[in-house]
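# Structural overview for review
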Amino acid sequence: MRVDVVTIFPEYLAPLDLSLIGKARRDGILDVHVHDLRDATEDPHRTVDDGPFGGGAGMVMTPQPWAETLDRVVRGGASGNAAVPHLVVPSPGGVPFTQSMARRLAAEPWLAFACGRYEGVDERVYEHAAARMPVSIVSLGDYVLNGGEVAVLAMVEAISRLLPGVVGNAESLVEESHEGGLLEYPVYTRPARWDDAGTLREVPPVLLSGDHGAIAAWRHEQRLRRTAERRPDLLPLSATVGSLAELDVRLATPADAAELLVLQRACWAPEGLASGDWVVPPLAETLEEVRAAVGEWRTYAVRTASRGGGLGRLVASVRGRVRPRDPAVWETARLMVAPDLQGRGLGRELLALSEAAAPASVTTYWLTTGVVAAQNHRFYRRAGYRRAPGEPTYPGAVDLVKPRPG
Ligand code: ADE
């Protein structure tokens, strides 16, 4: 792969000579050319910036040196069967750089990177470039760096390690964070029992068992748990929840509150009828309380796939949170499935989803259900919950607990 980088700080790219990337260059896998933007200036000060039209803080990079340098890059060499490079412009205002973008870019024969500095590059540079080559404006993350060089180092590393021959053991590319949409499982090496200055730290026993099936299951569960805890936005729900795959599962927003309240009234109505004079909290809850709870709990809203662009029907929900002032307890509540979709395993999957969202501090799952809801008791028993000792949270309720496995 050929890589051209345009910058006003060529020395910034020196790390591309090191480690696996440096070796890939020496092995001829990666052909890197760094260009100094100032070489295309004509004034004695080698100026590349000027004040912004319309006023405002900072300086803007002028178009002429950029246009000349990009044209020079294009003239400088064809790579493979590509006559022009794909130009990547790092910018905090770009589309997010992801592992799948790295994979797509790794399949291209020729990439060029344009490192902006100051307040940005004159917009006409993008027009000039787009008339000649594909252009992608890409952000490393939601923060602002001083310029594109650090972002280019990160992107070139993420891309080039996917090129055949750069990483020795290709298998290690498969089982890592962001492959398969999940974060990586924790890894351990010798010693199996490590005396950390008086504290004994042991490797999870399953890893020493030699049972490859059990190890694979444990690792998958760890990947799910980590992803739910650190990056719930990544959680591919179909990975946890088979029958939810064709439904749309999202974190609820306050805009879902009215539908959540309607569904919860429908789902708890039978319990309300059977419960005599107890107050059944899901029936007593007001719209305002449901709306507030959406902000305080991790609430999942499950809808049927939308048809014709609108929202699908809200058919199920669950909410979970760390118990206030007790980081060891994860409370699950308002587990509900529309009556016409009950009995298909959806509730079980939503319960697993709530449990998977518990942070590492949690050792106990906890929930409460109505004393009269015999069907619920069987359901939670099968899921591993048992009666909690002591008085229930409110009259007519049964509190249930389950130790977090592993
Ligand atoms: N240049 C400045 N900030 C950046 C960011 N967050 N990502 C990519 N390029 C940048």
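Structure: above.
What comes next is a walk through the structure. (Residues numbered from 1 in each chain as written. Predicted model: local features only at pLDDT ≥ 70, side-chain atom pairs only at ≥ 80, totals over all residues. Heavy atoms only, no water.)

### Digging into the packing of helix 2 (residues 63-75) against helix 4 (residues 123-130)
The interhelical angle for the contact between helix 2 and helix 4, taken along N-to-C directions, is 20°, at an axis separation of 9 Å. Between helix 2 and helix 4, the crossing angle belongs to the class labelled roughly parallel. Helix-helix and strand crossings are classified by hand; for helix 2 and helix 4 the assignment is right-handed. Across the interface between the two elements, Pro63, Trp66, Ala67, Leu70 and Asp71 from helix 2 touch Arg124, Val125, His128 and Ala129 from helix 4. Residue composition of the contact of helix 2 with helix 4, by class: six nonpolar, one polar and two charged. (Axes fitted to C-alpha atoms, helices over the stretch in contact; angles between N-to-C directions. Helix = DSSP H or I, 4+ residues; strand = E, 2+ residues; numbered from the N terminus. Parallel < 35°, antiparallel > 145°, perpendicular 65-115°, else oblique. Left-handed = near helix turned anticlockwise from the far one by under 90°. Contact = heavy atoms within 4.5 Å. Nonpolar A, V, L, I, M, F, W, Y, C, P; charged D, E, K, R; others polar.)

### As for the site of the ligand
Residues in contact with the ligand, as listed here, are Pro90, Ser91, Pro92, Val138, Ser139, Leu140, Gly141, Tyr143, Val144, Leu145, Gly147 and Ala151. The backbone of Tyr143 places a nitrogen or oxygen atom 2.7 Å from a nitrogen atom of the ligand. The contact in question runs from a nitrogen atom of the ligand to an N or O atom on the backbone of Leu145, over 2.9 Å. Considered on its own, the ligand offers 260 Å² of accessible surface; in the complex 96% of this is hidden by protein. The site holding the ligand turns out to be the second largest pocket. Elements represented by at least two residues in the shell around the ligand include exactly strand 5 (86-96) and strand 7 (135-139). (Near = heavy atom within 4 Å. Polar contact = N/O pair within 3.5 Å; in protein donor to acceptor, adjacent residues only side chain to side chain. Areas by Shrake-Rupley, 256 points an atom, 1.4 Å probe, with all protein chains shown as cover. 1 Å grid on protein atoms, 1.4 Å probe; cavity = no way out; pocket = protein on both sides within 12 Å on 5 of 7 lines; lining within 4 Å. Sits in = over half its atoms within 2 Å of the grid points.)

### Details of helix 4
Within the span of helix 4, buried status applies to Val125, Tyr126, His128 and Ala129. Relative to the axis of helix 4, the buried residues are bounded by an arc of 160° and lie together on one face. Exposed side chains of helix 4 directed beyond 90 degrees from the buried face belong to Glu123, Glu127 and Ala130. (Buried < 20%, exposed > 50% of the residue type's maximum accessible area, 1.4 Å probe, protein only. Arc of directions from axis to C-beta.)

Just geometry here; none of it tells us what the structure is for.
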